[in-house]
Amino acid sequence: MQQVRITRMTAEDVDEVSKLEQIVHPNHHWSKNSFYNEIANKLASYYCVKDEQNKILAYIGFWQIIEEAHITTLAVHPDYRNLQLAQILLIKIIEDCYENMIKFITLEVRESNIPAIKLYEKFLFTSIGVRKKYYQDNGENALIMFTQNIWYDKFKNNFGEIKNNIKKVIVNDK
Ligand SMILES: CC(C)(COP(=O)(O)OP(=O)(O)OC[C@H]1O[C@@H](n2cnc3c(N)ncnc32)[C@H](O)[C@@H]1OP(=O)(O)O)[C@@H](O)C(=O)NCCC(=O)NCCS
């Protein structure tokens, strides 16, 4: 897979996204209605990564709350992991943040989710606290992760390096 396409998630994508959501999160997945509500929310932006055959391989979403972005979900199909797809989606979100004059990006992540924590640390998110028993399915704690100000040189330089290391051709469909 040399080329991937990033598209805004639409109502036509929800069936496939919802199937992927159940594969990625068999015990605690969002409902289809949650996705329909999210894509209708004016404060939210959701994107999919699709391959040449239009298959959805990954998706991400965030809310803009004044000068903060809150990442609500990020999932990559288990057969397509370690192919930079999560990084490609995070890059898309961060570019949106620059366009929208956002300063900080935050999210919650399960404290046992090492792959995700490592991914966010690569983008210079750090853990600033814990929400105790945040996840209802197993009572697990959430780490609250935040970027520094994304307009600072340290963040921008790191972001530039990550972008330079992406090995795929990315087509952005608005
Ligand atoms: C976490 C997840 C989104 C990563 O997606 P991915 O497309 O495989 O990740 P990428 O290939 O774009 O990024 C790789 C980076 O992520 C981190 N990473 C990914 N998988 C990892 C693993 N198994 N162990 C350690 N670090 C890992 C590393 O920092 C890696 O960078 P490196 O290659 O320079 O070491 C994916 O595993 C997933 O969908 N998990 C289930 C859903 C989930 O946990 N979502 C996040 C909720 S907050």
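The structure this text deals with has already been given above.
Residues numbered from 1 in each chain as written. Predicted model: local features only at pLDDT ≥ 70, side-chain atom pairs only at ≥ 80, totals over all residues. Heavy atoms only, no water.

Student: Before we move on, can you summarise helix α5 (residues 153-164) with the specific residues and values?
Tutor: Over its twelve residues, α5 runs 16 Å from end to end, which matches the ideal 16 Å to within 8%, given 1.5 Å per residue. Of all the positions in α5, only Phe 155, Asn 158, Phe 159 and Ile 162 are classed as buried. The buried residues of α5 occupy one face: seen down the axis, they fall within an arc of 100°. Structural note: α5 exposes Asp 153, Asn 157, Glu 161 and Asn 164 on the side pointing more than 90 degrees away from its buried face. Of the surrounding elements, those touching the buried residues of α5 are α3 (85-99) and α4 (114-122). (Helix = DSSP H or I, 4+ residues; strand = E, 2+ residues; numbered from the N terminus. Expected span 1.5 Å × (residues − 1). Buried < 20%, exposed > 50% of the residue type's maximum accessible area, 1.4 Å probe, protein only. Arc of directions from axis to C-beta. Contact = heavy atoms within 4.5 Å.)

Student: Now, about the layout of surface pockets: what can you tell me, with residues and values included?
Tutor: Size it by volume and the largest pocket reaches roughly 1300 Å³. In terms of lining residues, the largest pocket is bounded by 37 residues, among which His 25, Leu 74, Asn 113, Ala 116 and Tyr 120 are the most central. Breaking the lining of the largest pocket down by element, the ones donating at least two residues are α1 (14-24), β4 (68-76), α3, β5 (104-110) and α4. Ranked by the residues each element gives to the lining of the largest pocket, the list is headed by β4, at seven residues. Of the residues belonging to the lining of the largest pocket, the class tally is 19 nonpolar, twelve polar and six charged. (1 Å grid on protein atoms, 1.4 Å probe; cavity = no way out; pocket = protein on both sides within 12 Å on 5 of 7 lines; lining within 4 Å. Points joined across faces, edges and corners; volume = space filled by probe spheres on them. Nonpolar A, V, L, I, M, F, W, Y, C, P; charged D, E, K, R; others polar.)

Student: Please provide a residue-by-residue account of the site of the ligand, values included.
Tutor: Of all residues adjacent to the ligand, which total 21 residues, the nearest are Leu 74, Val 76, Asn 82, Asn 113 and Lys 122. Between the ligand and Leu 74 there is a distance of 2.7 Å, counted from a nitrogen atom to a backbone nitrogen or oxygen. Contact distances for the ligand include 2.9 Å between an oxygen atom and a backbone N or O atom of Gln 87. Here the ligand, which alone exposes 930 Å², has 72% of that area covered by the protein. When each cavity is represented as a set of grid points, the ligand is found to reside in the largest pocket. Elements with a contribution of two residues or more to the shell around the ligand: β4, α3, β5 and α4. Among the elements that make up the shell around the ligand, the one with the highest residue count is α4 (six residues). Among the residues making up the shell around the ligand, the classes are represented as twelve nonpolar, five polar and four charged. (Near = heavy atom within 4 Å. Polar contact = N/O pair within 3.5 Å; in protein donor to acceptor, adjacent residues only side chain to side chain. Areas by Shrake-Rupley, 256 points an atom, 1.4 Å probe, with all protein chains shown as cover. Sits in = over half its atoms within 2 Å of the grid points.)

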